[in-house]
Amino acid sequence: MPELIHPLDAYRAQAQQRMDPAAWAYLNGGAVDELSVQRNTDLFREIRLVPRVGVDVGHLLTSQQMFGIDVAFPLLLAPTALQRLFSDAGEQGTVEGARSTDTVTVISMESSVATRELAESAGPFLQHLYIQRDRKLTEDLVRMAEETGARGIVVTLDNPVPGIRYRQDAGMTALPAGIGRANLESGGVPTLTGGYLDPTVTWADIEWLVSLTDLPVIGKGILHPDDADRAVRAGVGGVIVSNHGGRNIDTVAHPMECVRAVTESVAGRVPVLLDGGIRRGTDILKALALGADAVLIGRPYVWGLAAAGAAGVADVIRILQDEFHAAMAMCGAATLADITPALILGSDQ
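About the thresholds
- Residues numbered from 1 in each chain as written.
- Predicted model: local features only at pLDDT ≥ 70, side-chain atom pairs only at ≥ 80, totals over all residues.
- Heavy atoms only, no water.
- Helix = DSSP H or I, 4+ residues; strand = E, 2+ residues; numbered from the N terminus.
- Rg over C-alpha atoms; globule rule 2.2 N^0.38 Å.
- Contact = heavy atoms within 4.5 Å.
- Areas by Shrake-Rupley, 256 points an atom, 1.4 Å probe, with all protein chains shown as cover.
- Lys, Arg positive; Asp, Glu negative; His and termini not counted.
- Charge placed at Lys NZ, Arg CZ, Asp CG, Glu CD.
- Phe/Tyr/Trp six-rings, centres within 6.5 Å; stacked < 30°, edge-to-face > 60°.
- Buried < 20%, exposed > 50% of the residue type's maximum accessible area, 1.4 Å probe, protein only.
- Pairing = 2+ DSSP bridges.
- Axes fitted to C-alpha atoms, helices over the stretch in contact; angles between N-to-C directions.
- Salt bridge = Lys/Arg side-chain N within 4 Å of Asp/Glu carboxyl O.
- Right-handed = clockwise from strand over helix to strand, strands pointing away.
- Parallel < 35°, antiparallel > 145°, perpendicular 65-115°, else oblique.
- Left-handed = near helix turned anticlockwise from the far one by under 90°.
- Nonpolar A, V, L, I, M, F, W, Y, C, P; charged D, E, K, R; others polar.

K.L.:
Can you explain the overall build of the protein? Please cite residues and give values.
P.N.:
Across its full length, the protein holds 12 helices and 10 strands. Against the globule reference of 20 Å for 349 residues, the protein gives a C-alpha radius of gyration of 19 Å, in line with a compact fold. Dimensions along the principal axes, computed over C-alpha positions, put the protein at roughly 60 × 50 × 40 Å. For the protein, the share of sequence-separated contacts (at least 6 apart) that also reach a separation of at least 24 residues comes to 73%. Total accessible area on the protein stands at roughly 14,500 Å², and carbon and sulfur atoms take up 51% of it. Both charge centroids of the protein, one from 28 positive and one from 42 negative side chains, sit 2 Å from each other.

Rendered as structure tokens:
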């Protein structure tokens, strides 16, 4: 009998073979002992589903509108920095793979290919940024997002200072020649990480960011329900429940432990998304069951990019989509609205 290897695990193995060890450490490393990185995937495996039967699932409805974009499947690509570290195709391969599957990409502020070069081939996309110490540069990034046709701005809220990442720091002390943060060339970022982070950012700065643009501003990195409520009151158009992939602080709460309370706090005022540890279609179903409207993936699509360029990105998305559709049908959920806490064992409905 052949050994069972999940397709995403196969992409991970291929990516590791192809990538420089320093780039591999940068992508897959986490904070301190990396306990949160491991737990992000492990916790999903412990959540048990309770399927319902006797439901017509001959036609599944998985589309919705989010941030003014028609989304066919509740999955987006999270912002991932410096993708030319992982593949010569870089961010161009990512946006092409995403567009071929009608998937929304969040283009990182730290993209190694400038957003202006990616926009034409990206399809509907969101632009990610950090509020910069240089507020004028922050405003310039917002104007760039508007001018290139971004449909929203994702602002990271959970990274006021650099995370302590021993594996990353041991593997990569400087960026390789020819690879840089293309959107920040005017910002003069001198170090691998942290040179642009501003520990003084407060809710007043979030309100200021929202005031700069008519685009929806989506706050990424929220775990506490009170912060979710404060973000909505600050004017954000969406909330992403995230622990930064375990890269910032170790032993931090898992997004799945927080998403239901965040969703209840938001109370339908804005969409709630979740990222961190999504590796299977059932993970997506579980996140939606506890209140998320959609999820984002990061490392898995980069594994596909490193292994097979744009085609690998598209294949990773299709694998998760096929698994999600199968999980919906098996659980008796014909629409996204049918995915409720009742599908989770032990969940008080």
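K.L.:
Account for the packing of aromatic side chains, with residues named and values stated.
P.N.:
The geometry of an aromatic ring pair comes down to the distance between the two centres and the angle between the two planes. On inspection of all chains with the given rule, the structure shows 2 aromatic pairs. Ring centres of Y26 and F86 lie 6.3 Å apart, and the angle between their planes is 25°; on these two criteria the pair is classed as stacked. On the criterion of sequence distance, the pair formed by Y26 in helix 2 (residues 21–28) and F86 in the loop between strand 3 (75–77) and helix 4 (90–100) is long-range, its members being 60 residues apart. Given a relative accessible area of 5%, F86 falls into the buried group. The interplanar angle of 50° and the centroid separation of 5.7 Å between the aromatic rings of F73 and F324 together place this pair among those described as tilted. Highlighted residues: F73 in the loop between strand 2 (69–71) and strand 3 and F324 in helix 12 (residues 299–330), separated in sequence by 251 residues.

K.L.:
So what about the sheet that holds strand 8 (residues 238–241)? Which residues, and what values?
P.N.:
As summarised here, the arrangement of the 8 strands in space is 3-4-5-6-7-8-9-10, forming a closed barrel in which the pairing is parallel. Averaged over all pairs of adjacent strands, the angle between strand axes in this sheet comes to 30°, irrespective of strand direction. Inspection of the sheet shows strand 8 paired to strand 9 (residues 272–275) by 3 bridges, in the parallel sense. Counterpart to V241 in the pairing with strand 9 is L274.

K.L.:
So what's going on with the pattern of salt bridges? Which residues, and what values?
P.N.:
Per the stated rule, a full pass over the model turns up 16 salt bridges. R280 is the partner of D9 in a salt bridge, and the nearest nitrogen-oxygen pair spans 3.2 Å. Note that D9 is positioned in helix 1 (residues 7–18) and R280 in the loop between strand 9 and helix 11 (281–289), a separation of 271 residues in sequence. Taking relative accessible area as the criterion, R280 reaches 22% and is therefore assigned partly exposed. One connected set of salt bridges, linked through shared partners, spans R135, D198 and D205.

K.L.:
Which residues make up the pairing of strand 6 (residues 153–156), and what values go with them?
P.N.:
Neither face of strand 6 is open: one carries I153 and V155, the other V154 and T156, and all of them are buried. In this sheet, strand 6 lies alongside strand 5 (residues 125–129) in parallel orientation, the contact comprising 3 bridges. Within strand 6, the position partnered with Q127 by the bridge is I153. Following the backbone out of strand 5, through helix 6 (residues 135–148) and into the adjacent parallel strand 6, one traces a crossover that is right-handed.

K.L.:
Help me get a handle on the packing of helix 4 against helix 5 (residues 115–122), residues and values and all.
P.N.:
Helix 5 packs onto helix 4 with a crossing angle of 20° between their chain directions and a minimal axis gap of 9 Å. Looking at the two axes, helix 4 sits roughly parallel to helix 5. Our pair here, helix 4 against helix 5, has a crossing hand that is right-handed. Here helix 4 contributes E91, Q92, V95 and R99 to the contact with helix 5, which in turn contributes E117, L118, E120, S121 and A122. When its residues are assigned to classes, the contact of helix 4 with helix 5 shows 3 nonpolar, 2 polar and 4 charged.

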